[in-house]
Amino acid sequence: MIGSSIIIKGEVTGDEDILIEGRVEGVINLNGNQVSIGESGDVSADIQANVIKIDGTVTGDICASEKVVISKSGNVSGNIVAPRVMLEDGAIFKGSIDMDPASIASKEAPLTSQQPANSAATPMTSPGLDLKSV
Amino acid sequence: MQKSSRQPSKLLPSLFKHIDEGELITVFHVGPALPETVDFFSNYRCKLHFVDLFSALPIVCNEDTTALLEQQLAQVLTFPSDTRFDVCLFWDLFNYLNSDTIGVLLTALRPHLKDNSLAHAFSVHNLKTRHNSHLYGIQQLDVLSFRHRLAAPPGYAPHSQNTLKQLLHCFKLERSVLLADSRLELLLHASL
């Protein structure tokens with residue numbers, strides 16, 4: 001577990017599940033495992049895992065080989081590639097969702113720390129809207 | 001978030017009638033991603049692009065601000081260059097945009113349409129139709145979902161059906177259905 005006072009900048013890799021309650025900037029690559037972002041978790045990173053569950057805040061691209069679940073307290077801004085995506089009532093999501101098996105297969109190469117958040121070929125489709133100044 | 005309610009739709013199935021089983025469908029969805037909409041599309045091979053223009057309302061365009069709005073919409077409507085939408089879900093967005101803004105929006109969207117793109121929208125039967133302030137989604141192939149918004153979006157100023165037909169320069173009206181509350185449900189076909 002990454003506790004709520006912990007800040008990590010860089011690459012998080014491993015061969016087990018992880019729960020993030022702190023702040024992570026960079027890349028999270030836990031292929032075959034589960035990444036959980038707790039309610040106090042604040043992640044600015046691209047995430048790759050088997051299952052990704054989000055109760056906190058994520059800014060970045062997300063690739064899951066099984067599923068992504070955004071709970072009622074989750075707030076995600078980025079692109080999701082996964083065979084299945086579930087949103088609970090109250091979940092906030094901005095971006096694109098790709099549930100095409102071909103896309104999933106092409107994205108299964110591991111991320112590296114050379115790639116900053118939002119580095120996927122598909123750019124974010126909805127950067128912060130600020131049209132009110134018109 | 002408010003609980004969702006159901007509303008049958010005669011036009012919704014037409015959006016998907018040309019989609020073969022296993023075929024990839026690319027969707028442009030105006031408004032926040034709702035759980036039931038994402039769940040519905042999980043039955044398809046799909047790419048969904050959610051752009052919540054309602055959160056940016058009011059968006060008012062006039063002669064002096066057209067260039068700036070074009071620039072801002074181009075940033076918001078940034079998709080991979082090969083993206084071509086099979087389905088556009090506008091919901092009731094056009095009831096909140098003036099003529100110039102609709103023109104700028106569709107010009108920005110046009111490169112991502114194709115000859116057989118279809119779209120769904122709501123408009124009004126007459127200009128006195130009351131504002132209903134709903135968030136829309138898809139529950140089943142012939143059932144829409146709607147939720148009451150916590151606050152009504154600003155700038156409600158619907159267009160007559162004839163005016164809207166002229167403003168939607170990328171689309172032709174294929175069918176319309178009069179709903180019980182004097183709204184119109186529209187099925188549009190791309191005309192490029």
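A brief structural summary. (Residues numbered from 1 in each chain as written. Chains lettered and ligands numbered in written order. Predicted model: local features only at pLDDT ≥ 70, side-chain atom pairs only at ≥ 80, totals over all residues. Heavy atoms only, no water.)

## Overview of the pattern of salt bridges
- Counted according to the given criterion, the structure contains nine salt bridges over all chains.
- One salt bridge connects Asp98 of chain A with Lys47 of chain B, and the closest N-O pair in it is separated by 3.6 Å. With one member in each of two chains, Asp98 of chain A in strand 9 (residues 92–98) and Lys47 of chain B in strand 3 (residues 45–51) form a pair that bridges those chains.
- The exposure class of Asp98 of chain A is buried, given its relative accessible area of 11%.
- With a relative accessible area of 26%, Lys47 of chain B lands in the partly exposed category.
- Measuring nitrogen to oxygen at the nearest pair gives 2.6 Å for the salt bridge that ties Asp86 of chain B to Lys114 of chain B. In this pair, Asp86 of chain B is assigned in the loop between helix 3 (66–76) and strand 4 (87–91) and Lys114 of chain B in the loop between helix 4 (99–109) and strand 5 (118–124), connecting sequence segments 28 residues apart.
- Among the charged side chains, a salt-bridge network with shared partners connects Arg23, Glu25 and Asp42 of chain A. (Salt bridge = Lys/Arg side-chain N within 4 Å of Asp/Glu carboxyl O. Helix = DSSP H or I, 4+ residues; strand = E, 2+ residues; numbered from the N terminus. Buried < 20%, exposed > 50% of the residue type's maximum accessible area, 1.4 Å probe, protein only.)

## With respect to the side chain of His134 of chain B
- Tracing the chain through its elements places His134 of chain B in strand 6 (residues 134–140).
- Among residues more than four places away in sequence, those in contact with His134 of chain B are Asp92, Phe146, Arg147, His148 and Arg149 of chain B. (Contact = heavy atoms within 4.5 Å.)

## Some details on the pairing of strand 7 (residues 143–148) of chain B
All names here are of chain B.
- Counting buried residues in strand 7 gives five out of six residues, a clear majority hidden from the surface.
- The sheet contact formed by strand 1 (residues 5–8) and strand 7 spans four bridges and is antiparallel. Paired with Arg6 across the two strands is Ser145, which belongs to strand 7.
- In this sheet, strand 7 lies alongside strand 6 in antiparallel orientation, the contact comprising six bridges. Counted as the bridge partner of Gly137 is Ser145 from strand 7.
- Between strand 6 and strand 7, which pair antiparallel and follow one another directly, the connecting turn spans two residues. (Pairing = 2+ DSSP bridges.)

## Here's the deal with the nonpolar core
- Core analysis: the largest hydrophobic core is formed by 55 residues, its most contacted members being Ile28 and Val68 of chain A together with Phe41 of chain B.
- Counting residues per element, this core draws most heavily on strand 4 (residues 42–54) of chain A, which supplies six residues.
- Excluding anything up to four places from it in sequence, Val68 of chain A contacts Ile52, Ile54, Ile62, Ile80, Ala82, Arg84, Val85 and Met86 of chain A.
- The next biggest cluster of nonpolar side chains, apart from the first, holds 38 residues, and it includes Ala56, Val76, Leu106 and Leu184 of chain B. (Core = buried A, V, L, I, M, F, W, Y, C linked by side-chain atoms within 4.5 Å.)

## As for the packing of helix 3 of chain B against helix 4 of chain B
Residues and elements named next belong to chain B.
- At their nearest, the axes of helix 3 and helix 4 sit 10 Å apart, and the two run at 40° to each other. Between helix 3 and helix 4, the interaxial angle falls into the category oblique. As for how helix 3 packs across helix 4, the hand of that crossing is right-handed. Together, Thr66, Leu69, Glu70 and Leu73 of helix 3 and Thr101, Val104, Leu105 and Ala108 of helix 4 make up the contact between the two elements. (Axes fitted to C-alpha atoms, helices over the stretch in contact; angles between N-to-C directions. Parallel < 35°, antiparallel > 145°, perpendicular 65-115°, else oblique. Left-handed = near helix turned anticlockwise from the far one by under 90°.)

## Regarding the sheet that holds strand 1 of chain B
Residues and elements named next belong to chain B.
- Pairing is antiparallel in the open sheet, where three strands are placed in the order 1-7-6. The sheet terminates laterally at strand 1 and strand 6, the two strands that pair on one side only. Pairwise comparison of adjacent strand axes, ignoring direction, gives a mean angle of 35° for this sheet.

## Focus: the state of the cysteines
- Inspection of the entire model under this criterion finds zero disulfides over all chains.
- For the unlinked cysteine Cys63 of chain A, the closest cysteine sulfur is that of Cys46 of chain B, found at 15 Å.
- Cys170 of chain B carries a free sulfur, and the closest cysteine sulfur to it, the one in Cys88 of chain B, is 9.3 Å from it.
- Judged by relative accessible area, which is 0%, Cys170 of chain B ranks as buried. (Disulfide = S-S within 2.5 Å.)

## Quick look at the packing of aromatic side chains
- Applying the stated criterion across every chain, the model contains 18 aromatic pairs over all chains.
- Seen from their ring centres, Phe93 of chain A and Phe50 of chain B are 6.1 Å apart, and the 85° between their planes marks the pair as edge-to-face. Of the two residues, Phe93 of chain A is situated in strand 9 and Phe50 of chain B in strand 3; the pairing between them involves two chains. Both residues of the pair, Phe93 of chain A and Phe50 of chain B, count as buried.
- Among the aromatic side chains, those forming a connected cluster through ring pairs are Phe28, Phe79, Phe85, Phe90, Phe94 and Phe171 of chain B.
- Cation over ring: Arg149 of chain B sits above Phe54 of chain B, and NZ or CZ is 4.6 Å from the ring centre.
- Above the plane of the ring of Phe122 of chain B lies Arg183 of chain B, whose end atom (NZ or CZ) is 4.6 Å from the centre. (Phe/Tyr/Trp six-rings, centres within 6.5 Å; stacked < 30°, edge-to-face > 60°. Lys NZ or Arg CZ within 6 Å of the ring centre and 35° of its normal.)

## As for the environment of Gly38 of chain A
Residue and element names in this part refer to chain A.
- Mapped onto the elements, Gly38 comes out in the loop between strand 3 (23–37) and strand 4.
- By relative accessible area, Gly38 is classed as buried at 4%.
- Linking Gly38 and Ile2, residues 36 residues apart in sequence, is a C-alpha distance of 9.6 Å.
- The contact partners of Gly38, leaving out residues within four places of it in the chain, are Leu19, Ile20, Glu21, Asp55 and Gly56.

All quantities given are derived from atomic positions and should not be read as evidence of function.
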